[in-house]
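# Geometric and topological summary
Now for the letters of each chain:
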Amino acid sequence: MRIGELAAAVGVTTRAVRHYHHLGLLPEPERLSNGYRHYTLRHAVVLARIRRLTELGMGLTEVRDVLADDAGKDLVEVLTELDEDLARQEAEIRERRQRLRALLEAGAAGELPAEGPLSPELTGLLAGLPGSDSPMAAKDREILALLDTGAAPEERERLLSALRGALDGPDALARAQEAYALLDALADAAPDDPRVEQAAQTLAGLLPAELLPAELLSATDLGPDNAFLRALYADFAPAQAEVIRRVLRILAGERP
């Protein structure tokens, strides 16, 4: 068989056949005197096996493990791992669809936050915070959305749990509004403005120390070499950035 006949017999493209040659998955056939490759039934059997394995979702590196004579895994072991991986993907897809349904329901009710899409848990928490009428409140919501997106699942759960605890008090909303108002008033102030300390103490009193990661509150990570903090401070006015610095120092002192 020539390459086109082989590809047609197995139901793949000639480009795929050449790619499998390049990766070492499919042995190169002998060439006839006219220079054409001559494929045998054995090549067709191996190519068909490659197709079946890739259709199961197996990566080409895993296919190579199955096909190699000296592979450390047999086919049953590799397929078992593939089945477990597919099960994890199914669970992730179910979770994503659950989050999507919650967002669609919130959108239909006119309750989808401007920072969305967010996790349903954070969406519910933000509903209890001051809205975007305060510039600092809007910025705070953006930072929480960033953490909600970028944090690992266990870290996100720790963050949300700490937020729920901070918002449980009867006067939590009023205290949050007071802190945002103090910060908004510092938009054009200098870092040594006397109101900076009042704003820092008010905000630190609102935030539990466990809200922030332990590594962020360590003495070394509060320094100028912390890339995240540099980016955070740069997004605030000078006096507001100084408030955040002081709040982190206060919380670092409170953390066991």
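First things first, this report covers the structure right here in the doc. A quick note: this is a predicted structure, and the numbers were derived from the prediction, not measured. (Residues numbered from 1 in each chain as written. Predicted model: local features only at pLDDT ≥ 70, side-chain atom pairs only at ≥ 80, totals over all residues. Heavy atoms only, no water.)

### Brief notes about the overall build of the protein chain
Just so we agree on the cut-off: Counting from the N terminus, the helices are the DSSP runs of H or I reaching at least four residues and the strands are the DSSP runs of E reaching at least two. Exposure classes here rest on a 1.4 Å probe applied to the protein chains alone. A residue is buried below 20% of its type maximum, exposed above 50%, and partly exposed in between. The criterion used for residue contact is that any of the two residues' heavy atoms lie within 4.5 Å. Per-residue accessibility takes into account occlusion by the displayed protein chains alone, with areas from the Shrake-Rupley method and a 1.4 Å probe.
Of the regular secondary structure elements, the protein chain holds 12 helices and two strands. Taken from the N to the C terminus, the helices and strands of the protein chain come in the order α-α-β-β-α-α-α-α-α-α-α-α-α-α. The buried share of the protein chain, taken over its 256 residues, is 35%. Long-range pairs, those at least 24 residues apart, make up 58% of the contacts in the protein chain between residues at least 6 apart in sequence. Surface accessibility of the protein chain: about 15,300 Å² in total, with carbon and sulfur atoms responsible for 54%.

### As for the side chain of H43
Convention followed: Pairing of N or O atoms within 3.5 Å defines a polar contact, subject to two protein rules: one partner must be a possible hydrogen donor and the other a possible acceptor, and residues neighboring in sequence count only if both atoms are side-chain atoms.
In this structure, H43 sits in helix α3 (residues 41-55). For H43, a relative accessible area of 12% puts it in the buried group. Polar side-chain contacts of H43 include one of 3.5 Å to the backbone oxygen of P27. Engagement of the side chain of H43 in a polar contact is seen with the side chain of T40, the distance being 3.0 Å. With residues near it in sequence (within four places) discarded, H43 still touches L6, L26, P27, E28, P29 and H38.

### Remarks on helix α8 (residues 153-166)
Filter applied, for reference: Each helix should span, by expectation, one fewer than its residue count multiplied by 1.5 Å. Taken from the helix axis, the directions to the C-beta atoms give the arc we talk about.
Taking 1.5 Å as the rise per residue, α8 with 14 residues should run 20 Å; its terminal C-alpha atoms sit 20 Å apart, in good agreement. Buried within α8 are the following residues: R156, L159, L160, A162, L163 and A166. For α8, the buried positions fall inside an angular range of 160 degrees around the axis, keeping them on one side. Turned more than 90 degrees from where α8 packs its buried face, P153 and E154 sit exposed.

Purely geometric stuff here, so don't read any function into it on its own.
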